[in-house]
Amino acid sequence: MERPYAARRALLHPLWLGSLALLALNDHVLKGAGILPGALTGKLSDFAGLVVAPALLAALLRLESRRSLFLAHLATGAVFAAIKLFPAAARAFEALTALTPFPWQITVDPTDLVALSALALAWRVLLPAMQRPLPERPLAQRTAVVFGSLACAATSEPVEPPPPCGPDFCGVTPTEAGALSLGNTTEGERLVRLRPLKDSVQVDCETLLADPESALSRELFAPAETWLLQPGRGLPLQNNDTAGCVAYLVDADGLSPTLLAWSSQAFPTQLVSTATNSDDRLMIPLSLDSNGKLSLGPHQVVFKAPALEDPPVAPGCAAPKETVGIEWSTPVPIGGPWIVESVISSPDDCHAIVLQNKSTMYVCVPGAAMPFKVGDSLMIDEQEILGGSYPEMDGEAPEGRTLILSSSTHTVVATRGNVLARYELTGTDAPLGEPTVESDLAEGCAGAHDECGSLLVPLELSLLGDHVPSITFLRAGKSIDLVDGYGTLHLVRAEAMPIRDTECPPYARSSRHYESVLVIPAGP
């Protein structure tokens, strides 16, 4: 019968004890003493640590099966490989250890992977030791666990001083890929928190970079990533390759939230220094000002953080409230004719249309756009707007839905999306033709943020051509009577959203949004 494994037995094996002694001696005596080259002392810690760690982990978790012991060795090797290959993994591990009394400083160096061979040695030699019938020595084994834990927790790469510089030359500095770097030029380590924009946020870079502080809202930023910056170290900041521009909110203990924003064309991805010893326009200094307060900059990408609340907007520039808009209940009773038994209207322009032998349908449109009355026979249709080209979309693909209610006296076309309500959505050609519509940002309006942080800028429509006697300008909340039987257009909402959270319903998928109703009288 195979004897069960007990990881604690390996902690008294000469290989494990020798590796523990080498790890402690190397980390606390040899490193930085000049007795051995720095490259050699780094490798010694890696080899010794990879012998000590798997058995220690197994003992702490009280693993007893061959499979679980193998997984402990595999997990140790996977973590070691990740922090030696990937800067992001190394920085994340540093941030994790910063929460303990023994913060680590890790140098990303793929050549250190040669030490993974120590795992094979530990497996071959220490696994059999875990099965040997040795006398139990609990005190010695517990002591080995304590000293092994301390040695592994306290092991770290030393903080190397910046390369020496002469009058005309500086030594080679460490670099990583990034657009800019955030450099700690203070004498102490700093816990820095970075908040990138959410993945769901889409931005118009021209709008963002023209005034980052006003264009952005704090609601648009993702949860913070935490990094521990040692003195003289720089943290690479990455571009978003799909957006064309980048924004971060940065704060630290003693540093108020500060905004970083730049164009990826002005600062493309390149090798940036991860040390602060070079006078480089790619480094954003984190430093102490004359009053001893932590600050960022000076640098051209540093701005004030967005205000917690928007300042008052100019008269006529406020976006409609969230409750203002066009809405209808679902499912829609498609088809008909359905007889209207009653129409009950509320002060907020929502109307309950009670249909004979059908469930009540609710439609929210301006009161003047609800012409139906008791006894009317209604045909009802709902459509998704697909295809077509409309000038008010500003070059985007059409997106939206329309509800069509028809009686013997009127047809109501209610539309929500980046397309205006128009005659042709009924499936028939308009008399004469469709009027020409253009939309522009309302002059003098910088916009305001909604509850999701999206930037809303009011739009002004200009109508000309068929059915429009003279050029007419239209803003949200207004209506226009068009001639030649075209009908009355009620514009409920009209806004551009150059910066928006696309996961925030109901109208953030395109950069322009309209809610409108066209009431068409029946012909003679």
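Here, every reference points to the structure presented above.
Residues numbered from 1 in each chain as written. Predicted model: local features only at pLDDT ≥ 70, side-chain atom pairs only at ≥ 80, totals over all residues. Heavy atoms only, no water.

Novice: Can you explain the overall build of the protein? Please cite residues and give values.
Specialist: For the protein, the helix and strand inventory stands at 8 helices and 26 strands. Looking at the protein as a whole, 47% of its 524 residues qualify as buried. When the accessible area of the protein is evaluated, it comes to approximately 26,000 Å², of which 58% is carbon and sulfur surface. (Helix = DSSP H or I, 4+ residues; strand = E, 2+ residues; numbered from the N terminus. Buried < 20%, exposed > 50% of the residue type's maximum accessible area, 1.4 Å probe, protein only. Areas by Shrake-Rupley, 256 points an atom, 1.4 Å probe, with all protein chains shown as cover.)

Novice: Mind laying out the nonpolar core, listing which residues take part and the relevant values?
Specialist: In terms of nonpolar packing, the biggest core is built from 26 residues, with Leu461, Leu463, Leu474, Leu489 and Leu518 touching the most fellow members. Counting residues per element, this core draws most heavily on strand E25 (residues 487-501), at 4 residues. Contacts of Leu461, omitting those with residues within four sequence positions, involve Leu420, Glu438, Ser439, Thr472, Phe473, Leu474, Leu491 and Tyr514. Counting residues in each nonpolar core, the second largest holds 24 residues, with Leu182, Val192, Phe267 and Leu294 among its members. (Core = buried A, V, L, I, M, F, W, Y, C linked by side-chain atoms within 4.5 Å. Contact = heavy atoms within 4.5 Å.)

Novice: Please give an account of the state of the cysteines that cites residues and values.
Specialist: Scanning all chains against the criterion turns up 4 disulfides. Residue pairing for Cys205: its cysteine sulfur links by disulfide to Cys245, the two sulfurs lying 2.2 Å apart. In this structure the cystine formed by Cys205 and Cys245 twists about its S-S bond by roughly -90 degrees; its chirality is therefore left-handed. Of this pair, Cys205 sits in helix H7 (residues 205-210) while Cys245 sits in strand E7 (residues 245-252), placing them 40 residues apart in sequence. (Disulfide = S-S within 2.5 Å.)

Novice: Lay out helix H5 (residues 117-129) in plain terms, naming residues and giving numbers.
Specialist: The end-to-end C-alpha distance of H5, which contains 13 residues, comes to 19 Å, matching closely the 18 Å that a straight helix rising 1.5 Å per residue would cover. A bend of about 30 degrees at Trp123 is the largest found in H5. (Expected span 1.5 Å × (residues − 1). Bend = angle between axes of the 7 residues up to and from the residue.)

Novice: Explain the sheet that holds E7 residue by residue, including any values.
Specialist: Pairing is antiparallel in the open sheet, where 5 strands are placed in the order E5-E3-E7-E8-E12. The open sheet has two edge strands, strand E5 (225-229) and strand E12 (302-304), and neither has a second partner. In this sheet, adjacent strand axes meet at a mean angle of 35 degrees when their direction is disregarded. (Pairing = 2+ DSSP bridges. Axes fitted to C-alpha atoms, helices over the stretch in contact; angles between N-to-C directions.)

Novice: An account of the packing of helix H3 (residues 66-85) against H5 is requested, with residue identities and associated values reported.
Specialist: Here H3 crosses H5 at 155 degrees, and the two axes come no closer than 11 Å. Compared by their axis directions, H3 and H5 come out roughly antiparallel. The interaxial crossing formed by H3 with H5 has right-handed handedness. Contacts from Arg66, Leu69, Phe70, His73, Thr76 and Gly77 in H3 reach Leu119, Ala122, Trp123 and Leu127 in H5. Among the residues making up the contact of H3 with H5, the classes are represented as 6 nonpolar, 3 polar and 1 charged. (Parallel < 35°, antiparallel > 145°, perpendicular 65-115°, else oblique. Left-handed = near helix turned anticlockwise from the far one by under 90°. Nonpolar A, V, L, I, M, F, W, Y, C, P; charged D, E, K, R; others polar.)

Novice: Just give me the short version of the sheet that holds strand E10 (residues 283-288), but keep the residues and values in it.
Specialist: In space, the 4 strands of this open sheet follow the order E6-E2-E10-E11, with mixed pairing throughout. The strands lining the two open edges of the sheet, one partner per strand, are strand E6 (234-237) and strand E11 (294-296). Strand-to-strand twist in this sheet, taken as the mean axis angle between neighbours without regard to direction, amounts to 20 degrees. Direction of pairing for strand E2 (residues 180-184) relative to E6: antiparallel, over a ladder of 4 bridges. By the bridge assignment, Leu182 is partnered in E6 with Leu235.

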